[in-house]
Amino acid sequence: MGTELCRSCGSCGFPMRNPDDFAGGDPDAAYCSTCADASGALRPFDVVLQANAEYLVREQGIDLRAARSMANALLASMPAWQERR
Amino acid sequence: MALPGPLPTQRTRQREATRRRLIEAGLRVVADGGFAGASTAAIARATGKAHGTVFVHFPTRDALVAELVAEVGRTMSAQLAAAASGEPSLGAVLEAHLAALAAHEAVYARVLAEASTLPQAARAQVLALQSGIAFRLRAAWSRERARGAVRDLDPVALGNMWIALTNHYLMNRDLFAPGGSVITKCGAALATQFLDLVRT
């Protein structure tokens, strides 16, 4: 089992290790397959925000509104979304 | 293949080195006295730098605090992903999570204890980390469920029960393991007890 640390998505911070974690399955992609399309291009902010909020709801069962607020705070701290601040 | 970027200048390297020193000092200060005691002045003192240096790298104390929590979250997430890659068993995911917790125990326990007072970006980092753990637990549980090896549970409850269990021990580490690591002392037993509850 490898212990080398992996890269994380520049949009949401998700650790990317397996090929299907990366956008388009490309291990050079800067973003994960949730935040970017198959060409590696970042999806619109609202789409990424909703996907990240739904992930928080799905995994921990928190309220969707609270999840959107948390996802918004998380994305705002990420390199991909610095220009939105 | 991406072309290599320009080499960093000495000034860029020094800047990055100072930023790293501030983060590492910040983590030590938080581990010792919590976020409440982690003023920008205390962190600057711990690096031997002038107080103003902090603000060259972080515009506000909240930005520094958020970066400290993000640093812990990034490292723990990457450690978890590395140790639980492929199709790990439920037990292997628990073991990987415990190893990541043990590596950051003092700071992470402070993060949990003071979560409600932290900037929202920092709380979001904790939530994202916990979701990563829950995601990996759910995947492992689904594989073992297909073999009939685990109970039919609400997967959200599965993740939350494990997170709640470890958080309880971390937040009371001074009672469970005074002066030592609660994960080292109790982690293996917690994993065994949790698996006993989940397995058929």
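Residue numbers here run from 1 along each chain, matching the order of that chain's written sequence. Lettering for chains starts from A, numbering for ligands starts from 1, and both go in the order in which the items are written. For a predicted model such as this one, the threshold for reporting local features is a pLDDT of at least 70, and the threshold for listing and counting side-chain atom pairs is 80 or more; totals across whole chains, interfaces and linings nevertheless cover every residue. No hydrogens and no water enter the side-chain calculation; it runs on all heavy atoms of the structure.

Q: What should I look at first to understand the packing of helix α4 (residues 61-83) of chain B against helix α7 (residues 120-146) of chain B in this one?
A: Residues and elements named next belong to chain B. The contact between α4 and α7 brings their axes to 8 Å, and the two run at 10 degrees. As summarised for this structure, α4 and α7 are arranged roughly parallel, according to the angle between their axes. Across the interface between the two elements, Ala66, Val69, Ala70, Gly73, Met76, Ser77, Leu80 and Ala81 of α4 pack against Ala121, Ala122, Gln125, Val126, Leu129, Gly132, Ile133 and Arg136 of α7. Structural elements are reduced to axes, namely lines fitted to C-alpha atoms, with helices fitted over the stretch in contact, and the angle between N-to-C directions of any two is expressed from 0 to 180 degrees. By definition, any uninterrupted DSSP run of H or I lasting at least four residues is a helix, any uninterrupted run of E lasting at least two residues is a strand, and each is numbered from the N terminus. Between 65 and 115 degrees an angle is taken as roughly perpendicular, under 35 as roughly parallel, over 145 as roughly antiparallel, and anywhere else as oblique. Only heavy atoms enter the contact rule, under which two residues are in contact if any of them lie within 4.5 Å.

Q: How should I be thinking about the interface of chain B and chain A in this particular structure?
A: Frequently, the measure chosen for interface size is the accessible area removed from exposure when the parts meet. Contact residues are listed per partner, giving 27 residues for chain B and 24 residues for chain A. Summed over both partners, the accessible area (1.4 Å probe) lost when two parts come together is defined as the buried area. Of the roughly 2,200 Å² buried between chain B and chain A, counting both surfaces, carbon and sulfur atoms make up 62%. Any carboxyl oxygen of Asp or Glu within 4 Å of a side-chain nitrogen of Lys or Arg constitutes a salt bridge here. Among the ionic pairs, Arg138(B) bridges to Glu59(A), the shortest N-O distance being 3.2 Å. Elements represented by at least two residues in the side of chain B that touches chain A include exactly α4, α7 and α8 (155-171) of chain B. Element by element, the count of residues in the side of chain B that touches chain A is highest for α7(B), at 14 residues. Each residue gets one label: Ala, Val, Leu, Ile, Met, Phe, Trp, Tyr, Cys and Pro are nonpolar, Asp, Glu, Lys and Arg are charged, and the others, such as Gly, are polar. Residue composition of the side of chain B that touches chain A, grouped by class: 13 nonpolar, 10 polar and four charged.

Q: Looking at this structure, I do not really get the pattern of salt bridges. What am I missing?
A: Side-chain pairs of opposite charge can arise whenever the charged atoms involved come near each other. Residues and elements named next belong to chain B. All told, the structure shown has nine salt bridges over all chains when counted by the stated rule. For the salt bridge of Glu67 with Arg74, the shortest nitrogen-to-oxygen distance reads 2.6 Å. Each residue gets one of three labels from its accessible area relative to the maximum for its type: buried under 20%, exposed over 50%, partly exposed in between, using a 1.4 Å probe on protein chains only. For Glu67, a relative accessible area of 15% gives the class buried. Between Glu105 and Arg173 there is a salt bridge; the shortest N-O distance is 2.9 Å. Residue Glu105 is located in helix α6 (residues 105-113), and its partner Arg173 is located in helix α9 (residues 173-176); the two are separated by 68 residues in the primary sequence. You can call Glu105 buried: its relative accessible area is 4%. Connected through salt bridges with shared partners, the residues Arg19, Arg20, Glu24, Glu67, Glu71 and Arg74 form a single ionic network.

Q: Explanation requested: the packing of aromatic side chains in the structure shown.
A: Centre distance and the angle of the planes are the two values used to describe a pair of aromatic rings. Side-chain rings of Phe, Tyr and Trp, where Trp is taken by its six-membered ring, are said to pair if the distance between their centres is within 6.5 Å; with planes under 30 degrees apart they count as stacked, over 60 as edge-to-face, and otherwise as tilted. Applying the stated criterion across every chain yields a total of five aromatic pairs over all chains. Centre to centre, the rings of Phe14(A) and Phe135(B) are 5.9 Å apart; their planes meet at 85 degrees, and the pair counts as edge-to-face. With one member in each of two chains, Phe14(A) in the loop between β1 (7-8) and β2 (15-16) and Phe135(B) in helix α7 form a pair that bridges those chains. Accessibility expressed as a relative area gives 19% for Phe14(A), which makes it buried. Members of the aromatic cluster, each reached through a chain of ring pairs, are Phe14(A), Tyr55(A) and Phe135(B).

Q: Explain the domain arrangement of chain B here, please?
A: All names here are of chain B. How far each domain reaches was decided by an automatic or database domain assignment. The domain architecture assigned to chain B consists of domain 1 (10-59) and domain 2 (61-198). At the junction of the two partners, domain 1 supplies 19 residues and domain 2 supplies 15 residues. Buried area between domain 1 and domain 2, both sides added, is near 1,500 Å², and the carbon and sulfur share of it is 72%. When the buried area of domain 1 at its contact with domain 2 is split by residue, Leu27, Phe35 and Phe58 rank highest and sum to 43% of it. Inspection of the domain 1/domain 2 interface yields two salt bridges. Glu67 serves as the salt-bridge partner of Arg19, at 3.9 Å between the closest nitrogen and oxygen. Pairs of N or O atoms within 3.5 Å make up the polar contacts considered here, provided that, within protein, one atom can donate a hydrogen while the other can accept it, and that residues adjacent in sequence are counted only when both atoms are side-chain atoms. Linking domain 1 to domain 2 there are eight residue pairs in polar contact (both at pLDDT 80 or more). At the level of secondary structure, the elements contributing two or more residues to the side of domain 1 that touches domain 2 comprise α1 (10-33) and α2 (40-47).

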